[in-house]
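Survey of secondary and tertiary structure
Chain by chain, the residues:
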Amino acid sequence: MNTPVIIKQVTVRFCTFAQMFRGSYTDGSVDPDLIFLFVAVSDGKETGYGECLPTSLIYSGIKGQSNIDEWQMLLRMCGELPGKDARHLGRLIPDGMRSEDTNSIIDAVDFALHDLVGKRLGVPVSVLLGGMAKPFVWGMPVVHTDTPEKMIANAAQWYRQYGFLFFKLKPIGQLDADLCVIKGIRAQTSPDVRFCLDANYSLKMDPDEVIQYINALSKHGLDTYEDPIDSDWAGYQYICKHLKAKLMLDEKARTPQGVMEIVKHRCAHQINIHADWAGGFQAGIHKAQLAAMGDISTMIGSTHYLGVGAAAYQILSSVLPGNVPCEQVYMEVYGMKSYISDPYEIRDGKIFIRNAPGLGVQPDMPAIEKITIKKEIFS
């Protein structure tokens, strides 16, 4: 297609969402109400959509929290888009606006641009990212910290409903309790079920205790342990050398420089590109390719999305090297309802990437209008 896709209008929304399901974590923290920044980019014929959660407001006190006014910065980015050719995709975001603090809002703009161009060209976003790779990704929902009985019951329900064979656990952080959970889940699901545990740095253990704890869990289906404790590169390298499961790093891998340090020190088996922190499709792919040079695989992490962000990260997972499960699932899995009318099918534990133009999903704009607190339109 040689005809430019000239952006005529950009609408930015600030939305709020009161969660019915609030996840809890190993350190005792609980999910807050959610805020979404929602972007719509139109050329007058088609509209592309993207979204993010403002880390400055949602992830208060967590490493990786943005230190800028993301709403105002997003308005600056979007105000420069009208009149531009959307086919330039992420190149329309000025280099001077790119930083770790802007990763989330770059996601929102980048996803919307890709969705618009994919629709205008009549191709899936995966084609714009280098070509369709995997027709599905293995889903891996998060089982949040609770009593062992409730954690087991949640995983068993999702296994019966969706057939998931991978679960991400926010562990209790004590060996006996965590063994009880993973043994109980396998007993009520399948011996083929595998686990990733993520303590978010909250294990009260030294490196040798971490090794002993993880190796004990590895005998019962633990595949990967993410961010068990906060350590330097030498500490992670020591843990890696003695593990029978894989060590995954998330917060330390949120920049290309961080990924290169992990490769250099050979101190992880896997990295996590946390949903909402990729910095757009190409930035996420770049980090995964850097990791692959060190024989390190890449997993897509998760957050809650209205829906188009979930589809975007599932697509990203489908084009990354390797075949690692995708943690990003839709709100429906957690008993809520997405603000899109057509989430991808989940069957036999697989999330099937829709072979449709753009992101392949359509937002429910009347429903999104109801949760919109403020909006700005640029034309």
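Above: the structure in question.
Let me sum up the structure you'll find in this document. (Residues numbered from 1 in each chain as written. Predicted model: local features only at pLDDT ≥ 70, side-chain atom pairs only at ≥ 80, totals over all residues. Heavy atoms only, no water.)

1. A short note on the pattern of salt bridges
- For the structure on display, the rule yields 16 salt bridges.
- Residues Arg13 and Glu369 are paired through a salt bridge, measuring 2.8 Å at the closest nitrogen-oxygen approach. With a gap of 356 residues between them, Arg13 in strand S1 (residues 9-17) and Glu369 in helix H12 (residues 365-370) connect regions that are remote in the sequence.
- A salt bridge links Asp43 to Arg120; its shortest N-O distance comes to 2.6 Å. Of the two residues, Asp43 is situated in the loop between strand S2 (34-42) and strand S3 (47-52) and Arg120 in helix H3 (residues 103-121); the sequence distance between them amounts to 77 residues.
- A single network of salt bridges, built from pairs that share partners, joins Lys168, Lys170, Asp198, Glu226 and Glu327. (Salt bridge = Lys/Arg side-chain N within 4 Å of Asp/Glu carboxyl O. Helix = DSSP H or I, 4+ residues; strand = E, 2+ residues; numbered from the N terminus.)

2. Here's the deal with the environment of Ser104
- Residue placement: Ser104 occurs in helix H3.
- The exposure class assigned to Ser104 is buried, which follows from its relative accessible area of 2%.
- Residues Ser104 and Gly280 lie 176 residues apart in sequence; the distance between their C-alpha atoms is 8.0 Å. (Buried < 20%, exposed > 50% of the residue type's maximum accessible area, 1.4 Å probe, protein only.)

3. As for the packing of helix H6 (residues 175-188) against helix H7 (residues 207-218)
- Relative orientation of the contacting elements H6 and H7 amounts to 20 degrees, with a least axis distance of 10 Å. Regarding the angle of H6 to H7, the classification is roughly parallel. The hand of the H6/H7 crossing is right-handed. For the pair H6 and H7, the contacting residues are Leu175, Asp178, Leu179 and Ile182 in the first and Tyr213, Ala216 and Leu217 in the second.
- Of the residues contributing to the contact of H6 with H7, the split by class is six nonpolar, no polar and one charged. (Axes fitted to C-alpha atoms, helices over the stretch in contact; angles between N-to-C directions. Parallel < 35°, antiparallel > 145°, perpendicular 65-115°, else oblique. Left-handed = near helix turned anticlockwise from the far one by under 90°. Contact = heavy atoms within 4.5 Å. Nonpolar A, V, L, I, M, F, W, Y, C, P; charged D, E, K, R; others polar.)

Read these as geometric descriptors, not functional statements.
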